[in-house]
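An overview of the molecular structure
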Amino acid sequence: MNVLLIGSGGREHALAWKMAQSPLLSTLYIAPGNAGMHDCGTLVSLDVDNHDAVIAFCNEKAVTFVIVGPEAPLVAGIADDLRAAGIKVFGPSAAAAQLEGSKGFTKDLCAKYNIPTGAYQRFNNAPKAKAYVRQQGVPIVIKADGLAAGKGVTVAMTLDEALNAIDDCFEGAYGEAGAEVVVEAYLDGEEASFFCISDGKNLLALASAQDHKRVGDGDTGPNTGGMGAYSPAPVMTEAMVTRTMKEIIEPTVAGMAADGHPFSGVFFAGLMITEKGPELIEYNVRFGDPECQVLMMRLKSDLLEILLAAAEGRLNEVTAEWRDETALTVVMASKGYPGSYEKNTVIAALPESVDGTKIFHAGTALKDGQLVATGGRVLNVTATGASVMEAQTRAYAAVDAVQWENGFCRRDIGWRAIEREKA
Ligand code: AMP
Ligand code: GLY
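Residues numbered from 1 in each chain as written. Chains lettered and ligands numbered in written order. Predicted model: local features only at pLDDT ≥ 70, side-chain atom pairs only at ≥ 80, totals over all residues. Heavy atoms only, no water.

1. Considerations on the side chain of Ser208
- Positionally, Ser208 belongs in strand S11 (residues 203–211).
- A polar contact is formed between the side chain of Ser208 and the backbone nitrogen of Ala233, at a distance of 2.9 Å. (Helix = DSSP H or I, 4+ residues; strand = E, 2+ residues; numbered from the N terminus. Polar contact = N/O pair within 3.5 Å; in protein donor to acceptor, adjacent residues only side chain to side chain.)

2. So, the site of ligand 2
- Close to ligand 2 lie Asp211, Gly225, Phe268, Arg286, Gly288, Asp289, Pro290 and Glu291.
- Here a nitrogen atom of ligand 2 sits 3.3 Å away from a polar atom, N or O, in the side chain of Asp211.
- In this structure, Asp289 approaches ligand 2 through a main-chain N or O atom, which is 2.9 Å from an oxygen atom.
- Residue composition of the shell around ligand 2, by class: two nonpolar, two polar and four charged. (Near = heavy atom within 4 Å. Nonpolar A, V, L, I, M, F, W, Y, C, P; charged D, E, K, R; others polar.)

3. Looking at helix H6 (residues 103–112)
- Burial runs high along H6: seven of the ten residues are buried.
- Every buried residue belonging to H6 is among Lys103, Gly104, Phe105, Thr106, Lys107, Leu109 and Cys110, and all of these are buried.
- Phi turns positive, to about 55°, at Asn114, one or two residues after H6. (Buried < 20%, exposed > 50% of the residue type's maximum accessible area, 1.4 Å probe, protein only.)

4. Points about the pairing of strand S10 (residues 190–199)
- Of all ten residues in S10, nine are buried, a share of seventy percent or more.
- Bridge count for S10 against strand S15 (residues 264–274) is ten bridges, and the pairing is antiparallel. Paired with Asp199 across the strands is Ser264, a residue of S15.
- The loop that links S10 with its antiparallel partner S11 comprises three residues; one of these, Gly200, has a positive phi angle of about 110°. (Pairing = 2+ DSSP bridges.)

5. Focus: the sheet that holds strand S6 (residues 120–123)
- One open sheet holds the four strands; their spatial order is S6-S9-S7-S8, and the pairing between them is antiparallel. Looking at the sheet topology across the chains shown, the edges are occupied by S6 and strand S8 (153–156). Across the sheet, the mean angle from the axis of one strand to that of its neighbour is 15°, orientation sign disregarded.
- Taken together, the four bridges between strand S7 (residues 140–144) and S8 define a ladder with antiparallel strand orientation. (Axes fitted to C-alpha atoms, helices over the stretch in contact; angles between N-to-C directions.)

6. Some remarks on the environment of Gly385
- Relative to the helices and strands, Gly385 is located in strand S22 (residues 377–385).
- A sequence separation of 160 residues divides Gly385 from Gly225, and the C-alpha atoms of the two residues are 24 Å apart.
- Here Gly385 is in contact with Glu325, Thr326, Glu390, Ala391 and Arg394, once residues within four sequence places are set aside. (Contact = heavy atoms within 4.5 Å.)

7. Examining the packing of helix H7 (residues 126–136) against helix H8 (residues 159–170)
- Axis separation between H7 and H8 bottoms out at 10 Å; the angle between their running directions is 160°. As far as their axial angle goes, H8 and H7 are roughly antiparallel. The handedness of the crossing between H7 and H8 is right-handed. Side by side, H7 and H8 meet where Ala126, Ala129, Lys130, Val133 and Arg134 of the first sit next to Leu159, Ala162, Leu163, Ile166, Asp167 and Phe170 of the second. (Parallel < 35°, antiparallel > 145°, perpendicular 65-115°, else oblique. Left-handed = near helix turned anticlockwise from the far one by under 90°.)

8. Some thoughts on a nonpolar patch on the surface
- Residues Val153, Val155, Met157 and Tyr186 make up a contiguous nonpolar surface patch of roughly 320 Å² in combined accessible area.
- Among the structural elements, Val153 can be located in strand S8. (Patch = residues over 30% accessible without salt bridge, like charges linked within 9 Å, V, L, I, M, F, W, Y side chains within 5 Å. Areas by Shrake-Rupley, 256 points an atom, 1.4 Å probe, with all protein chains shown as cover. Salt bridge = Lys/Arg side-chain N within 4 Å of Asp/Glu carboxyl O.)

9. Quick look at the packing of helix H12 (residues 388–399) against helix H13 (residues 415–422)
- Taken N-terminus to C-terminus, the directions of H12 and H13 make an angle of 135°; their axes are 9 Å apart at the nearest point. As far as their axial angle goes, H13 and H12 are oblique. On the side of H12, the interface is formed by Val388, Met389 and Gln392, while H13 contributes Ala417, Ile418 and Glu421.
- In terms of residue class, the contact of H12 with H13 is made up of four nonpolar, one polar and one charged.

10. A short note on the pattern of salt bridges
- A complete count under the given rule lists 22 salt bridges for this structure.
- Its salt-bridge partner being Glu100, residue Arg286 comes within 3.2 Å of it at the nearest N-O pair. A residue pair is termed long-range when its members are at least 10 positions apart, and Arg286 in the loop between strand S16 (277–284) and helix H10 (291–298) and Glu100 in helix H5 (residues 98–101) qualify at 186 residues.
- Exposure remark for Arg286: the relative accessible area of 12% places this residue in the buried category.
- Residue classification places Glu100 among the buried residues on the basis of a relative accessible area of 7%.
- Where salt bridges share partners, they join Lys88, Glu312, Arg314 and Glu317 into one cluster.

11. Some words on helix H9 (residues 238–258)
- Helix length check: H9 (21 residues) gives 28 Å between terminal C-alpha atoms against 30 Å at 1.5 Å per residue, within 8%.
- Where H9 bends most, at Met245, the angle is about 40°.
- Where the residues of H9 are buried, they touch H5, H6, S10, S11, S15 and S16.
- Count one or two residues on from H9 and you reach Gly260, which has phi positive near 95°. (Expected span 1.5 Å × (residues − 1). Bend = angle between axes of the 7 residues up to and from the residue.)

12. With respect to the pairing of S16
- Across the eight residues that make up S16, a large majority, seven, are buried.
- Sheet topology note: the S15/S16 ladder contains seven bridges and is antiparallel. Note that in S16 the partner of Ala269 across the bridge is Tyr283.
- The hairpin formed by S15 and S16 contains two residues between the paired strands.

This is the structure we're talking about:
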């Protein structure tokens, strides 16, 4: 079959790399893709905000299945429009994508269906939000309701921080996303991400991962889209996975279906493992980036077969097999990220790929025959190993063979799990 993959990040490179190995695939089109993806499929420049143009492209190229990588097109309803045109899609409807598009929507769903999460209130004006914060005390968490590119959350340790965060939201720091604010109880514990596919009624648990959001070693400095990740997350023991499925994911799927917007696609559950057990921090409705890269390194099964089964409502017919190894990825970013950075700097050399090591590209392009960095996050240097320590050692050996003067990375991806291994 001919398939179209939408997106251009490291996540999409990993998905494309994995799907290119499927016997079900004829041609993979990628819109827009990046310089690392040429050997996975055919790169096309399509305006994905123009749903009619995407549908016309699919009809012209006999594409029968579309996989949507990022959240923004899903929240904008691309899956609805493609399905209405008779094209199969991996990814939720706009109504179901509210699980990521509106934090208030998700919190209300949790309240209605008894899904464990921090106590909360929704506000549409600053004075009421501030009064609630004063009454609750700190630490407390202030969230812009809508999509804010990962920047709309403040974990406030002082009252001043909390009050300022409320002002920021209502004064437009996050645009429309901050017109409503969720104030949420602070959850104490260890974070983990858990991935699970749904076709609206059936569920297929995938795997866990842990990412590193802060830009600096030791988890310091500003938040980023993610500077590295590893899978599995040791804190997600079999018992914790079972509880997460039963207490969080299953009631979500049932609740979404009961409320008239069944969820078809991937749940990326951000969890806090507290003393009480798993609690939901947030849902994303797409694979994580860079979490997807480590998941794909571990997945033994045919990804395309799984995604297609989800799109066709027969997820009960497939299974997901995993390599019993750790995969770890180190993000190499342009110096200055997550602030401003120089564009089009030259990446002079990448190491030969060896078994169990893979470099996924994110913000790269070919210009005059040279590989250049075009984005903030640029390369995902990924390796597998029998332990987190071994995967980390192999990943950094590959990092050290990358010749890119304007690049930097964290040197401690996986540190928490490695400390556990040593203990
Ligand atoms: P989010 O964008 O919702 O993933 O939030 C970003 C980060 O803020 C999360 O990864 C957590 O580290 C932190 N966070 C969000 N909500 C809470 C909460 N209720 N308690 C503690 N930390 C939180
Ligand atoms: N790495 C976090 C995310 O994809 O949202």
